[in-house]
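# Coordinates in review
The residues making up each chain are set out below.
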Amino acid sequence: MIAAQPAEDFEPFGKGHLSIHPGKIQLQIRNKCTDDHGIPLVKALREVSIQENVKKEAWKMRSSRQDGSPGCDEELYSKDTTVVWSKGGQTEVRGVIKSFTVDSPVQEALWCSFVLPDTLSREGAGTDLDMQGEVEEAVCVVESMCASIYTTKGREYIAALPFQVSGAWPIKNGVLFERSVSAVEHTSPKRGDQSLPVLFSLLHPLDEISPVISKTGGSANLSKVGFVTDHAQHVVFTNEEPSLVMTYDTVLGVHSVWKARRAKLEEGYSASGIIDTMSSLHPHIATTPLPGVSHSSSSHSKFTISGHSPSLSPFRSYSSKLLSPAFQSRTQSPSLSQMATLSRSQSPSISSINLFRHQTPSPSLRSPAAGLSRTPLSHNVSLNDSCMEYTEPLLPEVCLDYLWTETSNIPREGILGKATKVFLSTDICGQQYLCFLVANKRQLRCLKFEESNDRSQLIFGTVSVIQARDAVPLQTLNMLLVLDMNCCLVLYTGTTKVNKVHVTGLPVSSLSLSSLGPGRPSLPFASPHAGGLMTSSRPASAMDARFGDEVSLLSPVPTELDESSQLLETSLTDDFSLQNAGFITGIKDAVDNRFTLEVASGNLYRTMLPEMTQSPVVRICLNALKHILPKDLATQICIKWYSTHNSPGSTTGQSEWSMFIQSLLGMMGYDVGKLSLTRQMDSEDSLSPVVVAKKLRPSDQGSDDDWEYLLNSNHHKVVSLSQHTFGLDDVDRISTAGVVPPTCCINTSALLFTHIPAIMYGLHLVYEELKLNRLYQEHLEEVAKLLYQLSSDLQCKPYVDHLCRDHGHLFSMDTGPSQVTQANLKQMHYPSYLTSDAPSIHGWLYDMLLGIDVPPYPFIPEVTVKAHNVISLYAVLLNKDGGSEPVWEKYIRRVAAAGHRAPSTNVSLSKSFAGVSTSTRFENTVLFMTELGMTLSDIESLPCGVALPLKDAIFQCRQDPPSDWSEKAYILIEREDLSRQVQLAAQVPLAGIGNQETQGSKTAREDEDGMDHLDKELLKIRFSEDHRVQEVRRLLQSSKPVRVSLTQRPEVSDHDFIEEQERYLYATCVRTMALPVGRGMFTLCTYCPVVTETLPIPKLCLTGRAPPRNTTVDLTHIDTPANMNAWPLFHNGVAAGLRIANSSQVDSTWIVYNKPKSSELTNEHAGFLMALGLNGHLSNLATANIHNYLCQGQDMTSVGMLLGIAAAKRGTMDNATVRLLSIHVFALLPPTSTELDIPHTVQVAAVLGIGLVYQKTAHRHVAEVLLGEIGTVLVQTKPLY
C-alpha cells in the first residue's frame, strides 16, 4: 500500500474570491458610460438563448510548471457571468491573476493559444497546426452568441458565434466549437448535402468561424473529404500535442479518434463546392483534377460528410439578383445559415456584422493568399452583364483525419455509452495510452498508441479494460489513479497495477448508510475487527473524527526488502481498503501528482502522492534501468521501488539510496540481510543525525550476533580499560572454531537474477556520468561501493581495478563471501554491448586529446546526456578538417535493450553552419553547444579539466564572432550586446505585420530632430548607468522653438518687453545655430537611407514661445546681422548628410532625388552635398549632374559641390577634378584667358579643393601656386549675398 499525504479540505479559490467580487455591477456602470449610437447586433443577441445549457459552477485546473521547476496549480473558475483566473498553492501564495465579467452567463471557460503568423498567405504553409509567428496564450470565455478572448498580453477580442454552442474545446493554436443541434433537426433531419455542419474552428480571434472538414479512407486516391454534418457525432476530448480529437457516435455507440491538422486549399475547395461551381461556369477548369481528393458520394467514415453539389451546399446560396441584408435576415435563420458570413475584420469592440460575402464568379480560382486574409475581400469582376452572382463560402481551416474507431457494441448503448472522462497517460517506460472512462459500464478503456518510425503518423494498438468508477492521470509520476469497484484508490502505470493508495485525514462522519445509496457494496459494519467501521449512539459531532490515528495500528518495523516480500497484496492492505470502501465517490482536478477526492457527502479534499524519488542519483539510476532492461522488468522495478519507498509506516532513518540498494539487490536475488555492504549502510544510517524515528528490531529474541556486536563496539573498548580496576576478568569471545558458517547463495529465481551483468554495466555508465557533474561528487563513493560489490561477484577484474583506482579505500573493503557461485555466473545473460574493459570517460577524453585512436564510447539515450554532449563537443573541437559532417557519430555507441526505440534527435551540426566552409573549429564547437542546448551554467558544472577546452573555444570566438549567429550563441560567448541586437532585429517583422496600414504615413513623415534613428536599445546597454544619451539628445535638438520665459516688470512697457524677449531669443539663437555641428558628430554614420525616400533634414528653428499663452517670439523688432542663418543652415545640411553610413548604397539618381522641390536651391542642400563628399558618396554623382548644379549659380551650392568633390578625391590628383577646380582659381588659368565672374567664397573653396586633391602628393608646381595665393587679394566681382 502507498501512503498519500494527509487530505485537506478543498474549495476552489475562485469561489471565495467571487464573494468579494463586484460582479456585474461594475459592468453596468461601464456600459452606461459608452456612447449611445446604438447597441451592436452581437451585443443584443447575447441575451438570447434557444436552450438552457448554462453551467452554474465549473472550474478547471492545470499545472504552471516551467523549465522543470516545481509548479503550482492554476485555476479557471466560472460562475454566472464571472470568470476568475488564479494561481498558487504548492510553492507560492494563491492569488488572482485576472478576473473577467461578461454580459451573459458563461457557458464555458478554457485556456487556449493562438498564433499571430509572420505571413498572411497560405503558400508554403504545412499541414500542421503549427505556424511561424508569435504565440499568444489566452483565456476563452464562451457565451450564448459570442466568445470573448483575453490574451496574457492584455489584448481583448470578441468573436461572434452565429449559432448556439454546445461545447468548446481547445486545439493546437485554436479553439474547436460544436454547434448545438435543435430539436427540429433531430426530428426531421435533412439528408445528404442539405445538412449543416456541426463542428467549427477558430484559429485566430480576428478570423471568421470556419467549418471543419473530415477526411476518411485509406489511400490518397480513395479518400473522401467533406464537412462534418452528422448530428450523432459529439466531441468528447481534444489534445494539443499530439493534435487529437475524440468523438462519440450516439447512434452506433462507438468512439473514434481523429488527427486535427490544417486543411489544404484543394480540400477546402472540394468540400465547399468551388471546384464544381467553377467547372460549371468554366468547363476547362474541370480538366485538372485535384490530387488526393476523391469526389465519391459514398462515405466509409462514421462521420456523415456533406457532398459537393453547389446548389445544396449549406454555405452558399445563389440568386439572380443581390438580396439586401435585411431581407436575408428575415427569411433565413441567423443562427444556422449565416455562419459563413461574419466579417473577419471584427475588432475587440464589434460594431457591425457583414451577413453575407457576395462575389461574382471569376474566370480563375481565388488566390491562396486571399484564403487567409484577415479582411474580407470583395471581387466584382464581371464576365458579362447576365452573369449570376453567388455567395462566397468560407474555406475550412481545420481538417480531421480518421485514425481509429473502436469495435461496435451489440446492443448499442446510445448516449449512455459516451465517455465521461478522456485523457492521455504515459506509463513508466514511456508507452502512451489514450484512456476514456465509460461511466455507464464503469470501465476505463486504455487504448495503446505510438508513433511510427518516421514520426509521421500514429499507430493504435489494442484496448485494455480496467474496471473503475473514476480515474485521473498523474503526469509527473507517469501513473493512473483509479477508483475501483470497491471505492478504493488503486494506482496503475499503463495497464499494470502498482498498489493501493491510503489517504489519511478524511472525516468519518461523512460515511453513513444513507450516503452509500443503492448499488453500493455491503460492508461488515458490525464486524468487531480493528479496521471495521462501527455504528454508535454518540451524536454526529462526536463522530467527526479523522482517519489520521489509524496509522498507529501499523507496525513501525519496515517490511523486509527482499524478493519474498509480498508488497502488493497483504492482509494489512485489505484491512485499510475496508475503511475507505464506499466512501470516496470521485476523483478530479489532477495536476502533476496532486488530485482532489470527492466523498459521499459532497465535500472535496485535496491530497497528493509522493514523487518517485527525491534523490537525483536514484532517479538517474532508475532511468538507466528503464533503458537497459526490457520494459516489463523495468516497470516491475519501478513499481516495487515506489511501493517500498512510500508504504505506510516505513519512515525510518534510512536514506533513499540505502533503501534503493536494498530493494535492487533483493530483486537480484541477494540475501540482503547477510551482505556486509547493506549492514555497513544500516550502521551508518543509525548513526546519522537525520534519524527521524528509532528503528525497531523485527524480533525481541537475542542472538550470538548481538553479543559479537557489543564486543566490537567502541563502548566495550572504553570499558575494558577500567575492568582491572574493579577486579573483573577478561571477557572471552564466543569460540567459533569448528563452526561452519551457513552457506548463503543467491536466489536464481529472482526477478533480475539473469540481468545482473546488464545492470552492473548500466550503473557503471551512470557512475561515469556523475563524474561530469561537480555537484554529484559526494555521491560517487556510494555508487562505487555498489558497483564494487557487483563487479566482485561477477569476477570482472577490470571493473574492480577501475573502481579501486578512483577510490583507494575500496582495496580494503570487506565484501564477505560471495553469494554468486561459478554455476550462477553461467546462468546469467551477458548482453552484446558489455565490454571486457571498464568504460572511463576521463581516460577516453585524455586519449582523445593525445590523438590516440579511441573506440566508441557507450552512452544510454536520455540518461548519460552529459557524457554524450562532452564527447560530441570534443570530437568537433579536435576535428581540424572542419566541415559540417557529423564527426561525433563514430565516437559514440548507443546502449539499450532489445525493443527500445532510439529517441529522435533534432541536433544537426550542418543545420547550424551549413555551407559555411570558413568557420573555424572553435566556431563550430560553440554552434554545436548551442544546438545541444548547453548554457554557461552547464559548462560551469563540468570538472575544471573537462570544461577548460570548451571555455577556450568560447574565448576564441568572443572577440570577433560572426554576424549571422543566433541569440543563444551570443549569450553563450557572453556577448549580450550582440544578442540584444538579434532580438531587436527579430521584432521588426512582427511589428511590420501589425502596422501595415501606417507604413506609408511613416515613410512620408519627416524626422523631428534628426536623431530618431539612433539605436536606443543598444545605447542603453552601452551607457546603462545613467541617462547621458537622452540628455545629449535633448541638448542638441534644434527643431523646436525655444522657451522664452521672462517676467514683465511693472515699469517696463509692452514694446520694451517685446524687445527684451527678442534680445533674449537672439542670445539663445547663437547657441541654437551652433547645435548642427555637435549633432553631426553625435549621429555620424548611424543611418542607412532608403532609396525610395529622401533624407530628412531637421529644421533649424530660430523662433521662440513665451508662456503662458505660448505666443510666438521672433527677431523682427531688433537689429540682427544680415543673413545670420546662412552658414548655420549650411552646417545643418552637413550634419544631416554625415548621418549616412559609409556602407550605404548611394548613387547619382538618389542624390538628384534629394534636390529641393522648389526651383531654387537651398543652403541646407548645399551642406548636404558637401557631407556626401566627406563620406565619399559624392564621387558617384554623374558629370552632367555636377554641371547642372554649378550652372545654377547658387554660391553656397557651388561651395558645397567643390569642397565635396575635392574631399571625395583627396590625395588622388584626379585630372577631371583638377580641371573642374582650376576654372575657379585664376592662378591656374592661362594668362590670356577671359576673366570669369566667380564669387569670392567660391574662389576660396576652389583653392581649398586643390589642396585636398593634391594632399600628400609632393607636387612642386601646385605647392608653389598655392604658396603664391597666400596673401593675394581676391577680386570680389559681386556681393556674396
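See the structure above.
Cut-offs used in this document
- Residues numbered from 1 in each chain as written.
- Predicted model: local features only at pLDDT ≥ 70, side-chain atom pairs only at ≥ 80, totals over all residues.
- Heavy atoms only, no water.
- Helix = DSSP H or I, 4+ residues; strand = E, 2+ residues; numbered from the N terminus.
- Buried < 20%, exposed > 50% of the residue type's maximum accessible area, 1.4 Å probe, protein only.
- Areas by Shrake-Rupley, 256 points an atom, 1.4 Å probe, with all protein chains shown as cover.
- Core = buried A, V, L, I, M, F, W, Y, C linked by side-chain atoms within 4.5 Å.
- Contact = heavy atoms within 4.5 Å.
- Pairing = 2+ DSSP bridges.
- Patch = residues over 30% accessible without salt bridge, like charges linked within 9 Å, V, L, I, M, F, W, Y side chains within 5 Å.
- Salt bridge = Lys/Arg side-chain N within 4 Å of Asp/Glu carboxyl O.
- Phe/Tyr/Trp six-rings, centres within 6.5 Å; stacked < 30°, edge-to-face > 60°.
- Lys NZ or Arg CZ within 6 Å of the ring centre and 35° of its normal.
- Axes fitted to C-alpha atoms, helices over the stretch in contact; angles between N-to-C directions.
- Parallel < 35°, antiparallel > 145°, perpendicular 65-115°, else oblique.
- Left-handed = near helix turned anticlockwise from the far one by under 90°.
- Nonpolar A, V, L, I, M, F, W, Y, C, P; charged D, E, K, R; others polar.
- Expected span 1.5 Å × (residues − 1).

Okay, the overall build of the protein chain next. Helices and strands together make up the secondary structure of the protein chain, namely 40 helices and 38 strands. Counting all 1281 residues of the protein chain, 48% fall into the buried class. Split by element, the accessible area of the protein chain, about 63500 Å² in all, is 54% carbon and sulfur.

Let us look at the nonpolar core. In terms of nonpolar packing, the biggest core is built from 132 residues, with L491, L609 and W657 touching the most fellow members. Beyond its immediate sequence surroundings of up to four residues, W657 is in contact with V617, V618, C621, M681, E782, V783 and L786. One finds F1130, L1178, M1196 and L1203 within the second-largest nonpolar core, a separate group that totals 41 residues.

Turning to the sheet that holds strand β38 (residues 1111-1113), a few remarks are in order. Spatial strand order, β36-β37-β38: three strands in an open sheet with mixed pairing. Only two strands of the sheet have a single neighbouring strand rather than two, namely β36 (1042-1043) and β38. Note that β36 and strand β37 (residues 1104-1106) share two bridges and pair parallel. Its bridge partner lying in β37, R1043 is registered against R1105.

Quick look at a nonpolar patch on the surface now. Side chains of Y846, L850 and I852 sit close together on the surface and give an oily, nonpolar patch of about 330 Å² of accessible area. On the secondary structure map, I852 appears in the loop between α21 (841-850) and β34 (857-859).

This brings us to the packing of aromatic side chains. Enumeration according to the criterion identifies 13 aromatic pairs in this entry. Aromatic side chains W59 and Y77 sit 6.4 Å apart centroid to centroid with 20 degrees between the ring planes, which places their arrangement in the stacked category. Placement of W59 in strand β3 (residues 57-63) and of Y77 in strand β4 (residues 73-79) is noted, with a sequence separation of 18 residues between them. When sorted by exposure, W59 lands in the same class as Y77, which is buried. On the basis of an interplanar angle of 40 degrees and a centroid distance of 5.8 Å, the ring pair of Y761 and Y833 is categorised as tilted. On the criterion of sequence distance, the pair formed by Y761 in helix α17 (residues 756-770) and Y833 in the loop between α20 (822-827) and α21 is long-range, its members being 72 residues apart. By the burial criterion, Y761 is buried, and Y833 matches it. Grouped by ring-pair contacts, the aromatic residues W404, F449 and F460 constitute a single cluster. Just above the ring of Y1087 sits the side chain of R1139; from NZ or CZ to the centre is 5.3 Å. Here the guanidinium or amino end of K1155 rests over the ring plane of Y1189, the centre of that ring lying 5.1 Å away.

Glancing now at the environment of I860. Turning to its location among the elements, I860 is positioned in the loop between β34 and α22 (865-877). On the basis of relative accessible area, I860 is assigned to the buried category, the value being 0%. In this structure the C-alpha to C-alpha distance between I860 and A896, which are 36 residues apart in sequence, comes to 6.6 Å. Once you skip the residues sitting within four places of it in the chain, I860 turns out to touch A624, H627, I628, G762, L765 and V895.

Where helix α32 (residues 1054-1082) meets helix α33 (residues 1126-1137), the closest approach of the two axes is 8 Å, and the angle between their N-to-C directions is 20 degrees. Our classification of the angle between α32 and α33 gives roughly parallel. In terms of crossing hand, the pair formed by α32 and α33 is left-handed. Contacts between α32 and α33 pair M1073, P1076, R1079 and G1080 from the former with P1128, H1131, N1132 and A1135 from the latter. In terms of residue class, the contact of α32 with α33 is made up of four nonpolar, three polar and one charged.

You can see L780 is positioned in helix α18 (residues 780-793). In this structure the C-alpha to C-alpha distance between L780 and V766, which are 14 residues apart in sequence, comes to 9.8 Å.

For the rest of this paragraph, the subject is the sheet that holds strand β25 (residues 443-451). Ordered in space as β23-β24-β25-β26, the four strands form an open sheet in which the pairing is antiparallel. Two strands lie at the open edges of the sheet, namely β23 (421-426) and β26 (458-467), each paired on one side alone. Direction aside, the axes of adjacent strands within the sheet are offset by 25 degrees on average. The sheet contact formed by β23 and strand β24 (residues 432-438) spans six bridges and is antiparallel. Counted as the bridge partner of V422 is F436 from β24.

Moving on to helix α12 (residues 631-645). Along its 15 residues, α12 runs 21 Å from first to last C-alpha, staying within 8% of the 21 Å computed at 1.5 Å per residue. With 12 of 15 residues buried, α12 is to be regarded as a mostly interior element. Here α12 has its buried residues at L633, A634, T635, I637, C638, I639, K640, W641, Y642, S643, T644 and H645. Buried-residue contacts for α12 involve β1 (2-3), β28 (479-483), β29 (489-493), β30 (496-502), α11 (616-628) and α13 (656-668).

Turning next to α22. The end-to-end C-alpha distance of α22, which contains 13 residues, comes to 18 Å, matching closely the 18 Å that a straight helix rising 1.5 Å per residue would cover. In terms of residue burial, α22 counts as a mostly covered element, since 12 of its 13 residues are buried. Within the sequence span of α22, burial applies to K866, A867, H868, N869, V870, I871, S872, L873, Y874, A875, V876 and L877.

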